[in-house]
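Below, each chain spelled out in residue letters.
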Amino acid sequence: MQEDKNLQSYLKLHLIVFIWGFTAVLGELISLEALPLVWYRMTFATGFIVLFIAFKKIPLKLPTKTIIGLLFAGLIIALHWLTFFKAIKESNISVTLACLATGAFFTSILEPIFYNRKVILYEVLFGLIVIIGLYIIFQVEGNYIYGIILALSSAFLSALFSVINGKYAVKYDPTLISFYEILGGVMCLTIFMLFSQSFSISFFQPSANDLLWLLVLSSVCTAYAFIASVGVMKYLSPYTVMLTINLEPIYGIILALIVFNDKEKMSTQFYIGALIILSTVILNGVLKNRKK
């Protein structure tokens, strides 16, 4: 029974990752800058989750300490999405997603700290190989340096969020976790935007096209995918989740090539660097599976 649950969760995770791959395409289709894009995404997603909670009549009560922790995790995921979409705007989908694949390397560093396990030497070696892959990308895509730095920051924040979330996912309802985390992100972004005077009349007048894609982004790619991803963490380890998430670049780059064609075509050296990173991540997963 447990094995069936694990398999179902793994297959469901692949569907979620495919949806997240489409998120990058939506980020390019939406004309808004990264900050308002993420604010709208999280605000709309909070609304969708509230409707789901009301429909299911799920009580919102959690320990105060847990709520504070979830709100903080919401800040982490907001910063992850902010740097992610900013990286797409500053470079392109392919560069951003290739760099996002370093998330497994960051997770291998963070997991020993959060879960009190020893550092695994071959993970360190794989981390060095990932750096070589990044170096190749830096060399051939030097005009996207700012975008690459943002994408790497996003990968680190994603890994940090995954590790933090792993502790909550085994204890609490995924819908409640998602609600408080996304609400926390909205609150933090709103406070920042109030102080930076980012709100204006034009801010609340997105185009019909942007509004349509924002609704898809916030409902399918955020509310559903977020709740579902937290749910699978009950049966899968944070590293397995992060490893599978690293297929997002493959799905995303393929979708970007289909939707944007020539705009997303990169040099041969870029694909070599990206292949080194992805191959290292997959090999790491294979070794971990054999060890288990």
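Residues numbered from 1 in each chain as written. Predicted model: local features only at pLDDT ≥ 70, side-chain atom pairs only at ≥ 80, totals over all residues. Heavy atoms only, no water.

**A short note on the pattern of salt bridges**
In step 1: The final tally for this structure, using the stated rule, is one salt bridge.
In step 2: With a shortest N-O distance of 3.5 Å, Lys-86 and Glu-90 are connected by a salt bridge. Of this pair, Lys-86 and Glu-90 both sit in helix H3 (residues 64-90), four residues apart, which is roughly one turn of the helix.
In step 3: In this structure Lys-86 comes out as partly exposed when scored by relative accessible area, which is 25%. (Salt bridge = Lys/Arg side-chain N within 4 Å of Asp/Glu carboxyl O. Helix = DSSP H or I, 4+ residues; strand = E, 2+ residues; numbered from the N terminus. Buried < 20%, exposed > 50% of the residue type's maximum accessible area, 1.4 Å probe, protein only.)

**Describing the packing of aromatic side chains**
In step 1: Within this structure, the stated rule accounts for 16 aromatic pairs.
In step 2: Aromatic side chains Phe-106 and Phe-156 sit 5.5 Å apart centroid to centroid with 85 degrees between the ring planes, which places their arrangement in the edge-to-face category. Taken as a pair, Phe-106 in helix H5 (residues 103-115) and Phe-156 in helix H7 (residues 145-169) lie far apart in primary sequence, 50 residues in all.
In step 3: Taking 5.0 Å as the distance between ring centres and 75 degrees as the angle between the ring planes, the aromatic pair formed by Phe-203 and Phe-204 counts as edge-to-face.
In step 4: What makes Phe-203 buried here is its relative accessible area of 10%.
In step 5: Looking at Arg-41, its charged tip hangs above the ring of Trp-81, at a distance of 3.9 Å from the centre. (Phe/Tyr/Trp six-rings, centres within 6.5 Å; stacked < 30°, edge-to-face > 60°. Lys NZ or Arg CZ within 6 Å of the ring centre and 35° of its normal.)

**Side note on the packing of helix H2 (residues 34-56) against H3**
In step 1: The contact between H2 and H3 brings their axes to 9 Å, and the two run at 135 degrees. With respect to H3, the element H2 is oriented oblique. Pair H2 / H3 crosses with right-handed handedness. In contact with Ala-34, Leu-35, Leu-37, Val-38, Arg-41 and Met-42 of H2, H3 contributes Gly-74, Ile-77, Ala-78, Trp-81, Leu-82, Phe-85, Lys-86 and Lys-89.
In step 2: Taken together, the residues that form the contact of H2 with H3 break down as 10 nonpolar, one polar and three charged. (Axes fitted to C-alpha atoms, helices over the stretch in contact; angles between N-to-C directions. Parallel < 35°, antiparallel > 145°, perpendicular 65-115°, else oblique. Left-handed = near helix turned anticlockwise from the far one by under 90°. Contact = heavy atoms within 4.5 Å. Nonpolar A, V, L, I, M, F, W, Y, C, P; charged D, E, K, R; others polar.)

**Description of the side chain of Ser-91**
In step 1: By the element assignment, Ser-91 lies in the loop between H3 and helix H4 (93-100).
In step 2: Residue classification places Ser-91 among the buried residues on the basis of a relative accessible area of 12%.
In step 3: Within the local environment of Ser-91, its side chain forms a polar contact with the backbone oxygen of Ala-87, the two atoms lying 2.6 Å apart.
In step 4: At 3.3 Å, the side chain of Ser-91 and the side chain of Thr-96 are in polar contact.
In step 5: Sequence-distant contacts of Ser-91, that is, excluding residues within four places in its chain, are made with Thr-96, Tyr-144 and Gly-147. (Polar contact = N/O pair within 3.5 Å; in protein donor to acceptor, adjacent residues only side chain to side chain.)

**Examining the environment of Asn-6**
In step 1: Among the structural elements, Asn-6 can be located in helix H1 (residues 2-29).
In step 2: Relative accessible area serves as the criterion here: at 26%, Asn-6 is assigned to the partly exposed category.
In step 3: When the C-alpha atoms of Asn-6 and Ile-282 are compared, they prove to be 19 Å apart, with 276 residues separating the residues in sequence.

**What to know about unusual backbone geometry**
In step 1: The residue Lys-57 is not glycine, and still its phi comes out positive at about 55 degrees.
In step 2: Mapped onto the elements, Lys-57 comes out in the loop between H2 and H3.
In step 3: On the accessibility criterion, Lys-57 (72% relative accessible area) is exposed.
In step 4: In this structure, Gln-197 is a non-glycine residue whose phi angle is positive, near 55 degrees.
In step 5: Here Gln-197 is to be found in the loop between helix H8 (174-195) and helix H9 (208-232).
In step 6: Residue class for Gln-197 comes out exposed when judged on its relative accessible area of 70%.

On their own, these measurements won't tell you what the molecule is for.
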